[in-house]
Amino acid sequence: MTGVDDPLVVHTPGDREIVLSRLFEAPARLVFAAFTRPELLVRWYGARGWRLTECDVDLRVDGRWRFVSLGPEGARMVQAGVYRHVEPPHRLVYTELFDDQSYPGETLVSHEFSEVPGLTTVTTTLLYATTEGRDTVLRYPMARGVGQSFTRLAELLGSTTTTEGELP
C-alpha cells in the first residue's frame with residue numbers, strides 16, 4: 001500500500017483495523033503537541049491541497065474535538081469525536097465520525113508515540129465499527145493522504161530551531 005520512498009507503513013492486521021506507522025525526527029513531546037495543539041495542527045493536518053479552517057480541541061477525557069477542512073474545488077470535510085484516553089506524550093485515543101461519512105459507525109483512533117532519543121514512531125490504529133467500513137476506507141486514497149499529511153508534519157517538526165526543541 002505504500003511506495004518505496006514513502007516512509008508511511010500501512011498494515012491490516014484484522015478485518016476491522018488499519019494500522020499506520022511513521023518515524024519522525026523529533027522527541028515524543030513535540031510530536032504529541034503537534035497532534036493536539038490547534039495552532040500546530042493547522043500547519044500540517046491534511047493531504048496536499050487540503051487545510052484546516054476550524055480546529056477545536058478540548059484535550060481531556062470526554063473532551064470533544066472538531067476539524068473542518070477545505071480542499072480542492074471548494075470541497076469541505078468535517079470530522080469530530082470525543083477523547084477517550086489522553087496520556088502526554090505517549091498515547092492519545094479518540095472516536096472519529098465524519099459529517100458526510102460513507103461507512104457505518106464511529107471509528108476508534110489510537111495513537112501510540114514511542115520514543116528513542118530524538119526519534120519518535122507514531123503508530124496509529126484505526127478500529128472501524130464494521131469490516132465493510134474498513135474496506136470502504138481502504139478503497140479511498142487514505143494512505144496517500146495520510147502520507148502527505150505526515151510529510152507536512154515531518155517538515156514542521158524539522159523546522160524546530162531552538163535548543164530547547166520547542167516548535168516555532
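Residues numbered from 1 in each chain as written. Predicted model: local features only at pLDDT ≥ 70, side-chain atom pairs only at ≥ 80, totals over all residues. Heavy atoms only, no water.

Describing the overall build of the chain
A tally of helices and strands in the chain yields four helices and eight strands. Helices (α) and strands (β) of the chain occur, in sequence order from the N terminus, as β-β-α-α-β-β-β-β-β-β-α-α. Seen along its three principal axes, the alpha-carbon backbone of the chain occupies a region of about 45 × 35 × 35 Å. Burial statistics for the chain: of 168 residues in total, 41% are counted as buried. Relative to all contacts within the chain whose residues are 6 or more apart in sequence, the contacts with residues 24 or more apart total 46%. Put simply, the chain shows about 8,800 Å² of open surface, and 52% of that area lies on carbon and sulfur atoms. (Helix = DSSP H or I, 4+ residues; strand = E, 2+ residues; numbered from the N terminus. Buried < 20%, exposed > 50% of the residue type's maximum accessible area, 1.4 Å probe, protein only. Contact = heavy atoms within 4.5 Å. Areas by Shrake-Rupley, 256 points an atom, 1.4 Å probe, with all protein chains shown as cover.)

Overview of the packing of aromatic side chains
Summed over the entire model, instances satisfying the criterion amount to twelve aromatic pairs. Between Tyr45 and Phe67, the aromatic rings sit 5.0 Å apart at their centres with planes inclined by 75 degrees, giving edge-to-face as the arrangement. Residue Tyr45 is found in the loop between helix 2 (38-44) and strand 3 (51-57), and its partner Phe67 is found in strand 4 (residues 64-70); the two are separated by 22 residues along the sequence. Assessed through its relative accessible area of 6%, Phe67 is described here as buried. With 5.8 Å between their ring centres and 75 degrees between their planes, Tyr83 and Tyr94 make a pair best called edge-to-face. Taken together, the positions of Tyr83 in strand 5 (residues 76-87) and Tyr94 in strand 6 (residues 91-98) put the pair eleven residues apart, joining distant regions of the chain. Overall, Tyr83 belongs to the buried group, its relative accessible area being 2%. An aromatic cluster of at least three residues, connected via ring pairs, comprises Phe24, Phe32, Phe35, Trp44, Tyr45, Trp65, Phe67, Tyr83, Tyr94, Phe113 and Phe150. (Phe/Tyr/Trp six-rings, centres within 6.5 Å; stacked < 30°, edge-to-face > 60°.)

Here's the deal with the layout of surface pockets
What the largest pocket holds in volume is close to 1,000 Å³. In terms of lining, the largest pocket is formed by 41 residues, of which the most central are Tyr45, Met77, Phe98, Met142 and Val146. Contributing elements (two or more residues each) for the lining of the largest pocket: helix 2, strand 4, strand 5, strand 6, strand 7 (107-116), strand 8 (119-127) and helix 4 (142-158). Sorting elements by how many residues they give to the lining of the largest pocket places helix 4 first, with seven residues. (1 Å grid on protein atoms, 1.4 Å probe; cavity = no way out; pocket = protein on both sides within 12 Å on 5 of 7 lines; lining within 4 Å. Points joined across faces, edges and corners; volume = space filled by probe spheres on them.)

Looking at the packing of helix 1 (residues 28-36) against helix 4
Here helix 1 crosses helix 4 at 125 degrees, and the two axes come no closer than 11 Å. As summarised for this structure, helix 1 and helix 4 are arranged oblique, according to the angle between their axes. Between helix 1 and helix 4 lies a crossing whose hand is right-handed. For the pair helix 1 and helix 4, the contacting residues are Leu30, Val31, Ala34 and Phe35 in the first and Phe150, Leu153 and Leu157 in the second. Residue composition of the contact of helix 1 with helix 4, by class: seven nonpolar, no polar and no charged. (Axes fitted to C-alpha atoms, helices over the stretch in contact; angles between N-to-C directions. Parallel < 35°, antiparallel > 145°, perpendicular 65-115°, else oblique. Left-handed = near helix turned anticlockwise from the far one by under 90°. Nonpolar A, V, L, I, M, F, W, Y, C, P; charged D, E, K, R; others polar.)

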